[in-house]
Amino acid sequence: MFRSVPIVRLERILGEWWIFAIVVGLGWLFRLRAYVFNRSFWLDEAMLANNVIYLSLEDLATKPLMHKQVAPTGFLVVTKLLASWIGDSEIVLRLVPFAAGMGLVLAACWLSFEAFDNSLPRLVFVGLVSFSQILIYYSGEFKQYILDVGFVMLMLAFGLFIYRLQTGTEVRTTPSSRVRLHIALFGAAGAVGIWFSQPLAFFLFAVGVSLFSQAVRQKKKGDLILLIGIGVGWAACFSLSLLLALRNVTANQSLFEIWAAGSAPIPIKNLSDVKWYSDTVLAAVFLAFQERTVVGIVGQPGWYSLANIILTIICALGGWRLVMRNQPLSFMLFLSSTACLLTSALEYYPLRGRLLLFTVPIIFLLVSYSVDAVANQRLRFASYLLSLCLLGSAFLPTIKTFIEPAVVADIRGVMRYMEEKRIPGEERVAVSQWSLPSYLYYAPRLGLNDMKLYTVIGENNDAEKFLQTVCASPDPGRIWLVFSLQMVETQRFLDRLQATTSPLDQLEREGAGVYLFDFSSPGVCQ
């Protein structure tokens, strides 16, 4: 009794609306901080930004994008309109992902109340979504991946809400016309979402089949007709959006090579195929809890770390609890996972890197169900301890990022330094291949239009080839060099140059650097 009274009081407090309001407010604050910090565009963002800026609205919607980019048509069109009306600064171009990042916190609240019966797992789920470093980061990145997360949670919550109207106690008190209105709104939201999120199609299929099956069991003819109509509309939207998306994939065959490791092996033939599935599960868990910034394609040592394996086991416990407690949601996730794996096996959607971001809320649902499972065994203290550990693992690193926001490559900073330090006659610049898109975006915005792009340094940062190009010139002279990303290779490049001459000026920032060399110095080209 001594222990049960405080726990009961704590449970009542956790069920209060203001607790969720505080968590949501913190989630918004973290996202606002990352957005207002306005870090420099890195390679991928700059490549997409140049497409939005330099291509017409018609070309964005109907033609292959430059720089091997792929993005949903709706996302491109809305961003182009915003850039045309307000301007093409980083703040404007990141406005849609930022709005999605803020909205998905509210979607998490809705989904938590549809998925869980108890306050503790609800709070854990909303807290993990609010405090997730990777979701905060992608809420401030000019890419579409955070929209995948937001629409997936929204449509899952909407689907569970309608399922509850069809089957729960509300079915006796809610008029059929109102249920059908909700179904129609659900269909409209899905039709819009298809244009902004590609993996949303997996979940629309799953939720649609679940609602249709329930309508068949209950012999609701009106609901069946409406759901068939919605399905036809979704299929039409998806077919058109897929056709437009494939224009980029087919025009950039190298994308298949880049993402080949993400194709699911079906059927499973050997141990390496089994390892692919274990890698994918561990990658999704690692992404949800431990990634901080840009998510790469290649494997990470942290996938098989003890902490990540423990988190994966917690997810498995939550999956068992999910199947036992919430069959509609487990059926929806099973169908969506099946559709996703089949699509991946056909090499249309690779399951690696940032393309897995839509799985983050699924991972958070599973660990929240593990909290529910522990609490159900009357291990109240253990459930609170587990909740505290999970929320702390997300909250504490986010506080550090709040104080010092993540930066991938501060090329804007080094280019601004070059503009301030250059003197008349220093009008030539050599840019690395990894820096070129960012350089092209920032040059006109930083007063560097008069700089002559002398040469582009290849992806491998080949110093010998660069020196041959420079020394073949009748007047090598002073040249600024701009690098970003691949900083280990950049250092090798600089070591080779410094074997013959030293830089006259330089500045290095996070993931980027700018250097001034005088290649007419004695001994450089001899």
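Keep in mind that this is a model prediction, so the values were computed, not measured. (Residues numbered from 1 in each chain as written. Predicted model: local features only at pLDDT ≥ 70, side-chain atom pairs only at ≥ 80, totals over all residues. Heavy atoms only, no water.)

A look at the packing of aromatic side chains
As a reminder of what qualifies: Centre distance within 6.5 Å is the pairing criterion for rings of Phe, Tyr and Trp, where only the six-membered ring of Trp is used; planes under 30 degrees apart are then read as stacked, over 60 as edge-to-face, and the remainder as tilted. A ring has a charge above it when a Lys NZ or an Arg CZ is no more than 6 Å from the ring centre and no more than 35 degrees off the ring normal.
This structure, assessed with the given rule, holds 32 aromatic pairs. In textbook terms, an aromatic cluster arises when at least three aromatic residues are bridged by ring pairs, as seen for F466, F483, F493, Y515, F517 and F519. Over the ring of F402 we find R33, and its NZ or CZ is 5.9 Å from the ring centre.

Things to note about the layout of surface pockets
The test is simple: The pocket and cavity definitions rest on a 1 Å grid over protein atoms only: a 1.4 Å probe that fits but cannot leave marks a cavity, an open set with protein on both sides within 12 Å along at least five of seven lines marks a pocket, and residues lining either have an atom within 4 Å of a point. Grid points are joined across faces, edges and corners, and a volume is the space filled by probe spheres set on the points. Only DSSP runs of H or I covering at least 4 residues are called helices, and only runs of E covering at least 2 are called strands; the numbering of each starts at the N terminus. Each residue receives one of three labels: charged for Asp, Glu, Lys and Arg, nonpolar for Ala, Val, Leu, Ile, Met, Phe, Trp, Tyr, Cys and Pro, and polar for the others, Gly being one of them.
Estimated volume of the second largest pocket: approximately 790 Å³. Sorting the residues of the lining of the second largest pocket by element identifies α15 (271–289), α16 (306–325), α17 (327–345) and α18 (360–376) as the ones contributing at least two each. Ranked by residue count, the leading element in the lining of the second largest pocket is α17, at 8 residues. Of the residues belonging to the lining of the second largest pocket, the class tally is 20 nonpolar, 8 polar and no charged.

Observations concerning the packing of helix α5 (residues 73–85) against helix α7 (residues 95–115)
Going by this rule: Throughout, an axis means a line fitted to C-alpha atoms (over the contacting stretch in the case of helices), and angles, computed between N-to-C directions, take values from 0 to 180 degrees. Any two residues whose heavy atoms approach within 4.5 Å at even a single point are treated as in contact.
Across the interface, α5 lies against α7 with an axial gap of 9 Å and an inter-helix angle of 115°. Counting all contacts with α5, which are made through F75, V78, T79 and L82, the residues of α7 involved are L95, V96 and P97. Residue composition of the contact of α5 with α7, by class: 6 nonpolar, 1 polar and no charged.

Re empty space enclosed by the protein
Within the structure shown, the criterion is met by 4 cavities of 30 Å³ or more. What the largest cavity holds in volume is close to 150 Å³. Lining the largest cavity are 14 residues, with A34, I136, Y137, T401 and A406 positioned closest to its centre. For the lining of the largest cavity, the secondary structure elements donating two or more residues are α2 (17–37), α9 (133–138) and α19 (380–403). Counting residues per element, the lining of the largest cavity draws most heavily on α2, which supplies 4 residues. Taken together, the residues of the lining of the largest cavity break down into 8 nonpolar, 3 polar and 3 charged.

Observations concerning the nonpolar core
Threshold: For the purposes of this section, nonpolar cores are sets of buried Ala, Val, Leu, Ile, Met, Phe, Trp, Tyr and Cys residues that join through side-chain atoms within 4.5 Å. Buried, partly exposed and exposed residues are distinguished by accessible area as a fraction of the type maximum, computed with a 1.4 Å probe on protein chains only: under 20%, between the cut-offs, and over 50%, respectively.
Counting 151 residues, the largest nonpolar core has L135, L156 and F289 as its most contacted members. A total of 16 residues in this core trace back to one element, the largest contributor, which is helix α10 (residues 145–167). Each residue touching L156, except ones within four places of it in the same chain, is listed here: L111, F203, V207, L329, M332, L333 and I362. Counting 17 residues, the second largest nonpolar core, distinct from the first, contains Y454, F466, I479 and F493.

Some points on the environment of V360
The topology assignment puts V360 in helix α18. According to the relative accessible area criterion, V360 is buried, its value standing at 0%. Considered as a pair, V360 and M155 are 205 residues apart in the sequence and their alpha carbons are 15 Å apart. If we skip the residues at most four places from it in the chain, V360 touches I134, L135, L287 and A288.

So, the packing of α2 against α7
We apply this condition: If an angle is under 35 degrees, it is roughly parallel; if it is over 145, roughly antiparallel; if it lies from 65 to 115, roughly perpendicular; otherwise it is oblique. For a crossing to be left-handed, the near helix must be turned anticlockwise from the far one by less than a right angle; the clockwise case is right-handed.
The contact between α2 and α7 brings their axes to 10 Å, and the two run at 165°. With respect to each other, α2 and α7 are oriented roughly antiparallel. Of the two elements, α2 crosses α7, and the hand of that crossing is right-handed. The segment α2 lies against α7, with F20, V24, W28, R31, L32 and Y35 engaging L95, F98, G101, M102, L104, V105, L106, C109 and F113. The residue inventory of the contact of α2 with α7, partitioned by class, reads 13 nonpolar, 1 polar and 1 charged.

Looking at α5
Our working rule: The span expected for a helix works out to 1.5 Å for each residue beyond the first.
Here α5 spans 18 Å end to end across 13 residues, near enough to the 18 Å set by a 1.5 Å rise per residue. Every buried residue of α5 is listed here: T73, G74, F75, L76, T79, K80, L82 and A83. G87 occupies a position one or two residues after α5 and carries a positive phi of about 140°.

Overview of the sheet that holds strand β5 (residues 512–518)
The condition that has to hold: The pairing criterion for strands is at least two bridges between them, as found by DSSP.
Read from one edge of the open sheet, 5 strands run β2-β1-β3-β5-β4, paired in mixed fashion. Of all the strands in the sheet, just β2 (452–457) and β4 (505–509) have a single pairing partner and so form its edges. The mean angle between the axes of side-by-side strands here comes to 20°, regardless of whether they run parallel or antiparallel. Bridge count between strand β1 (residues 428–432) and strand β3 (residues 478–484): 3 bridges; the pairing is parallel. Across the sheet, the residue bridging to V431 is V482, located in β3. This element, helix α20 (residues 411–421), spans β1, β3, β4 and β5 of the sheet and lies at about 160° to β4. Running at roughly 15° to β5, helix α23 (residues 487–498) makes contact with β2, β3, β4 and β5 of the sheet.

What to know about the side chain of K143
We apply this condition: Neither His nor the chain ends is counted toward charge; the positive residues are Lys and Arg and the negative residues Asp and Glu. Definition used for salt bridges: Asp or Glu carboxyl oxygen within 4 Å of a side-chain nitrogen of Lys or Arg.
Looking at the element boundaries, K143 is found in the loop between α9 and α10. Nearest to the buried, unbridged K143 among oppositely charged side chains is D44, at 4.3 Å. Not counting residues within four places of it along the chain, the set of residues in contact with K143 comprises D44, L48, Q69, F75 and P97.

Looking at the side chain of T490
Its place among the elements puts T490 in helix α23. The residues contacting T490, other than those within four sequence positions of it, are N461, F483 and L485.

Let's talk about the pairing of β5
Among the 7 residues in β5, 7 count as buried, and that is most of the element. Relative to β5, β3 runs antiparallel, the two sharing 7 bridges. Following the sheet pairing, L481 is matched in β5 by Y515. Once β4 ends, the chain turns through 2 residues before running back antiparallel as β5, passing G511 with a positive phi of about 70°.

Description of unusual backbone geometry
Cis peptide bonds are those with omega within 30 degrees of zero, and the linkage from I266 to P267 qualifies with 0°. One can find P267 in the loop between α14 (254–258) and α15. A positive phi is found at K219, a non-glycine position, where the angle reads about 55°. Mapped onto the elements of the fold, K219 is located in the loop between α12 (200–218) and α13 (221–251). For K219, a relative accessible area of 74% corresponds to the exposed category. One non-glycine residue, E347, adopts positive backbone phi at about 65°. Examined against the element boundaries, E347 turns out to sit in the loop between α17 and α18.

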